[in-house]
Amino acid sequence: MPGIDKLPIEETLEDSPQTRSLLGVFEEDTAATSSYFSQLFRAMQRIYDAQNELSAATHLTSRLLKDYEKQRFPLGGDDEVMSSTLQQFAKVIDELSSCHAVLSTQLADAMMFPITQFQERDLREIVILKEVFQIASDDHDTAVNRYSRLSKRKENEKVKNEVMEDVYTSRKKQHETIMHYFASLNMLQYKKKMALLEPLLGYMQAQISFFKLGSENLTQQWEEFLTNIGTSVQNVRREMDSDAEATEQAIQDMKAASDPLYMPDPDPNQIPVNRNLTRKAGYLNTRYKTGLVSSAWDRQYFFTQGGNLMSQSRGDVAGGLVMDIDNCSVMAVDCDDRRFCFQITAFDGKKAVILQAESRKDCEEWIATINNISKRIYLSENPEEIAARVNQSALEAVTPSPSFQQRHESFRPSTQGRPKTGRSGSQCSAGSESPALSSLSLDSLVAPDTPIQFDIISPVSEEHTSEAKSGAQGRTNPFGESGGTKSEESEDSILHQLFIVRFLGSMEVKATESADVIYETMRQILAARAIHNIFRMTESHLLVTCECLKLVDPQTQVTRLRFPLSSVVLCASHRENKRLFGFVLKTAGGRKDGRPVTVCYVFESNNDGEKICDSVGLAKQITLHSEMDRKATQKQRDLDKAKEKQEEELHKQKQIEKDLEEQSRLIAASSRPGQPAADGQFLVLSNSQSEDSDAGEEGNIRFCFSSKI
C-alpha cells in the first residue's frame, strides 16, 4: 500500500499560509470522504435490510408450507402426496431460513458495525475538531491584534500583562487544538481505508460462511429429493400441455359441431326433433301472475328428475319441485305475446304451468319428453316387450346415470304375463302379485311371499314405528315431507359422517351370512318398482355414528329412522353399480312368537356405496374397541378394589397382632408386683377374689399408678 500523506505537526505553531493551504486540501478530502461513505453506508444498509426481509420471508414461507395440510380447498381434496412433499419442502426452507438468520447476524456484526462506527465516530470527531480549531484560531487572531495595538507612549503594566496573558493562552490553545486536528486528519487517512475494506471483508466472509452452511445442510439426500420433484414438475407440465392440446382440440370440435345450435330456431331438416327422450333439461320461460289480470315471465333452468319437473335459478344450490308430471297432460298453447309455448296440467287438474321454449324443436321435444315420462307403460301385443320397457323405465327412475340399465341387466325380471299398470299402495307383495318375481326369488335368501316396504317404517322401536307410519300416509316425495319426530338424545360419538341417500325399499330376509342376500333384495325391490310403476324415492341424510345409524329429514332435521349400530349385521354395495348399497338389520322380538326379525334395507346414494359401508364398518370397529377398553378399565378397577380390600384386611390383622402383643406385655408386667416401671412409676396390684368363685377363674386385677416422688 503506498505511503500516507500527512500534515506536518511540527509546523503547527508557526501556522504559515502554506500549512493552511495544505490543511484546506485535507479538509476537502475529508468532505469527499464523508460524502462517499454516506452513499456506501446507504448501499450496505439496503443489503442488510434486504437480507433481513429475505430471512423473514423465508421463515414465513416455511410456516405457510407447514400450514398447507390444515387448509381446506373446495377443489383440492385430501392430497396426501402433495402435503407430504410440501412438508419436506418446509423442512428444507426452514433450514435455509436459519442460515439466512445467521447471515443477517454476521452482516450486522462484520459489515454494518465498522462503517457505522467510522461514520458516526471518526467523521463526526473531525467535524467537531474543525469547529474547535476555527474558534481557537479566531480567538488567537483577536488576542494578537489587541496586543499589537498597545501604545508605546503610555504604557500600562496591568493592561500589558493582561494582553500578554491573553496572547499566551489563546496561542497555546490554538497550538494544542491544531495539533489534535492535524493528528486526527492524519489518522483519518488510515481509518478511511480500514472503514472501506473491513465491511467488504465482513460481507464476503459472511456470504462464504452462508454458502458453506447451506452446502452442509443440503446433503445428497436433499439433492435427490429436489431432482425427483423436478422430474415430477416436468411430468405435470407435460400432462398439462397434453391436456391443453386435447382441450383446445375439443373446443374446436365442439365449436364446429355446435355451430348449427347457435341459432335460436334451427332448421328442422338439419336438426330433427327427437321424440324418444325420457330426460330433458334446459332454460325455459315460465309465466307467473303479478296481479289479477297481469302476468310476467321469468327465465329459469328446468329439468326432469324421475317423475318430477324441477326448476333452478342461477345462484341456487339445488333445484325446487315445480310439479309432479306422472299421469299429467301436456300440449302446445297459443299465447298472445309469446311463441313456442306449452302447458303442463297435473293429473288432478288443480295445477297448470305455462312454459315457453326457445324454438319449435325445443318445444316439441319438451312435450314429447313429458309425455314419455307421464305414460311410461306402452301398450303392445308382446308381453316381453312390455316387461322390458317397464323395467327400463324403472331403472332410469332409480338412478340418473345413463349407463345404469347396461350395468344391471340381472335386475330385469322375465315376466310371462301382462303386468299390472296401476299404481300400488305403500306396500306390495313381490311374491303374490307377480309370478315372475316369485319365480326369480331365492328361498334360501329371501322369505317367500314377503311384502316389500317402499315407505320408511322402522321395526326397531314402537315409538319410531308409530311416527313413521303416521308420516308415511300417502306417497312421500323426495323433498323432506315425512312425519318423524326429532330425537332428543345427545350425540357424543367421536364419529359423525353424513351421506345423502334415497330410500328404495326394504323387505324381510332369511339368511345373513353373505352379501348375496343384499344383492337379491336389490334385484327384487327394483323389479317390483318397475312392475308396480313406483318411481319416486324419499331423499334423506344418513348419519353414521358410533351408536347408531340415523335417517334425517334434510329440511326439518327430524329423525325419520334410527338403527342401533349393534343391530346392523351386514352391509354391502352392489358389485357393478356402486351407488346402490344396503344393510341387514336384526331385531329381537319383532314377531308375535318372539323370533328375531331380519330386514334388508336398500338405498341409492350420490356417493360411492363402498364409502358408506366402510364408514359403518369403521363405526362398529370403534364401538368394539371402546367396549374392550371399557371392560379392561372395569377389570382394572375391580383388581384395584380387591387389592385395597386385601391391604385393609392385612392392616386389621397387624393391628390385632399388635393389640395381643400389648396385652401379653401387660400381663407379664403384672406378674412382678412392686417392681418400678421403666418410666419411674410404681405399679401396685391388688387381687380381689370371691370365695365362692371357681378355682380356675382368674381374679379381677386392679391397676393403680402412683407417681414416684
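Since the structure is predicted, the reported quantities are computational estimates derived from the model, not experimental observations.

1. Thoughts on the overall build of the chain
Of the regular secondary structure elements, the chain holds 11 helices and 18 strands. Looking at the chain as a whole, 36% of its 709 residues qualify as buried. For the chain, the share of sequence-separated contacts (at least 6 apart) that also reach a separation of at least 24 residues comes to 65%. Total accessible area computed for the chain in this model is approximately 43,700 Å², and 52% of it derives from carbon and sulfur atoms.

2. Brief notes about the packing of helix α2 (residues 80-148) against helix α3 (residues 157-217)
Two measures define how a pair of helices packs: the angle their axes make with one another and the distance between the axes. The interhelical angle for the contact between α2 and α3, taken along N-to-C directions, is 170°, at an axis separation of 7 Å. When the interaxial angle is binned, α2 and α3 end up roughly antiparallel. Here the residues of the contact of α2 with α3 sort into 30 nonpolar, 14 polar and 13 charged.

3. Focus: the packing of helix α1 (residues 17-66) against α2
At their nearest, the axes of α1 and α2 sit 8 Å apart, and the two run at 160° to each other. Here α1 lies roughly antiparallel to α2, going by the angle between them. Along this stretch, α1 crosses α2, giving a crossing that reads as left-handed. Its residues placed into classes, the contact of α1 with α2 shows 25 nonpolar, 19 polar and five charged.

4. Topic: the nonpolar core
Judged by nonpolar contacts, the single largest core of 26 residues is most densely connected at L549 and Y601. Elements that contribute at least two residues to this core include exactly β10 (497-508), β11 (538-544), β12 (548-552), β13 (559-564), β15 (580-587), β16 (597-605) and α11 (609-670). Here this core gets five residues from one element, more than from any other, and that element is α11. Among the nonpolar cores identified, the runner-up in size contains 25 residues, and L7, C99, M112 and L129 belong to it.

5. Concerning the pattern of salt bridges
Scanning the entire structure with this criterion turns up 21 salt bridges. Put simply, D362 and K280 hold a salt bridge, and the shortest N to O gap is 3.3 Å. Residue D362 is found in helix α5 (residues 360-374), and its partner K280 is found in the loop between α4 (220-258) and β1 (281-289); the two are separated by 82 residues along the sequence. With relative accessibility at 15%, the residue D362 sits in the buried group. Accessibility expressed as a relative area gives 12% for K280, which makes it buried. Notably, a salt bridge pairs D553 with R560, separated by 2.8 Å at the nearest N-O pair. Through salt bridges that share partners, K280, K361, D362 and E365 make up one connected network.

6. Let's talk about the sheet that holds β1
Ordered by their spatial adjacency, seven strands build an open sheet running β4-β3-β2-β1-β7-β6-β5, and the pairing between neighbours is antiparallel. Two strands in the sheet have a free side with no partner beyond their single neighbour: β4 (320-324) and β5 (329-333). Strand-to-strand twist of the sheet, defined as the mean angle between neighbouring strand axes without regard to direction, takes the value 40°. Direction of pairing for β5 relative to strand β6 (residues 341-345): antiparallel, over a ladder of five bridges. In the strand pairing of β6, V333 is matched with C341. Sitting on the sheet, α5 is in contact with β1, β2 (295-305), β3 (308-312), β5 and β6, with an inclination near 15° to β6.

7. Brief notes about unusual backbone geometry
One non-glycine residue with positive phi stands out, namely F340, at about 55°. On the secondary structure map, F340 appears in the loop between β5 and β6. With a phi close to 60°, Q557 is a non-glycine residue in the positive phi region. As for its position among the elements, Q557 is in the loop between β12 and β13. Relative accessible area serves as the criterion here: at 39%, Q557 is assigned to the partly exposed category.

8. Overview of a negative patch on the surface
Where like charges cluster on the molecular surface, the negative patch consists of D638, D640, E644 and E647. By the secondary structure assignment, D638 is in helix α11. A relative accessible area of 41% means that D638 is categorised as partly exposed.

9. Focus on α2
In an α-helix, one turn spans 3.6 residues; hence positions three or four apart end up facing the same way. The terminal C-alpha atoms of α2 lie 98 Å apart, and with 69 residues this matches the ideal 102 Å at 1.5 Å per residue to within 8%. At M112, α2 shows its strongest bend, of approximately 40°, with the proline P114 following within four residues.

10. Some remarks on the side chain of Q300
In this fold, Q300 is placed in strand β2. In this view, Q300 contacts G282, Y283, L284, T286, S311, Q312 and S313; residues no more than four positions away in its chain are not counted.

11. A short note on the pairing of β16
Looking along a regular strand, one sees the side chains alternate between the two faces of the sheet. Taking burial as the measure, the nine residues of β16 include nine buried ones, the bulk of the element. Judged by which residues are buried, β16 turns out to be covered on both faces: V597, V599, Y601, F603 and S605 on one side and T598, C600, V602 and E604 on the other are all buried. By the bridge criterion, seven bridges tie β10 to β16 in an arrangement that is antiparallel. Residue pairing in the sheet places E508 in a bridge with V599 of β16. With eight bridges connecting them, β15 and β16 associate as antiparallel partners.

12. Considerations on helix α10 (residues 516-531)
Between its terminal C-alpha atoms α10 stretches 23 Å, which fits the 22 Å expected from 16 residues at 1.5 Å a residue. Where burial is concerned, most of α10 is hidden: 15 out of the 16 residues are buried. Where α10 terminates, the next one or two residues include N533, which has phi positive at roughly 60°.

Reading guide: rules and limits
- Residues numbered from 1 in each chain as written.
- Predicted model: local features only at pLDDT ≥ 70, side-chain atom pairs only at ≥ 80, totals over all residues.
- Heavy atoms only, no water.
- Helix = DSSP H or I, 4+ residues; strand = E, 2+ residues; numbered from the N terminus.
- Buried < 20%, exposed > 50% of the residue type's maximum accessible area, 1.4 Å probe, protein only.
- Contact = heavy atoms within 4.5 Å.
- Areas by Shrake-Rupley, 256 points an atom, 1.4 Å probe, with all protein chains shown as cover.
- Axes fitted to C-alpha atoms, helices over the stretch in contact; angles between N-to-C directions.
- Parallel < 35°, antiparallel > 145°, perpendicular 65-115°, else oblique.
- Nonpolar A, V, L, I, M, F, W, Y, C, P; charged D, E, K, R; others polar.
- Left-handed = near helix turned anticlockwise from the far one by under 90°.
- Core = buried A, V, L, I, M, F, W, Y, C linked by side-chain atoms within 4.5 Å.
- Salt bridge = Lys/Arg side-chain N within 4 Å of Asp/Glu carboxyl O.
- Pairing = 2+ DSSP bridges.
- Patch = residues over 30% accessible without salt bridge, like charges linked within 9 Å, V, L, I, M, F, W, Y side chains within 5 Å.
- Lys, Arg positive; Asp, Glu negative; His and termini not counted.
- Charge placed at Lys NZ, Arg CZ, Asp CG, Glu CD.
- Expected span 1.5 Å × (residues − 1).
- Bend = angle between axes of the 7 residues up to and from the residue.

These results come straight from atomic positions and should not be treated as a statement about function.
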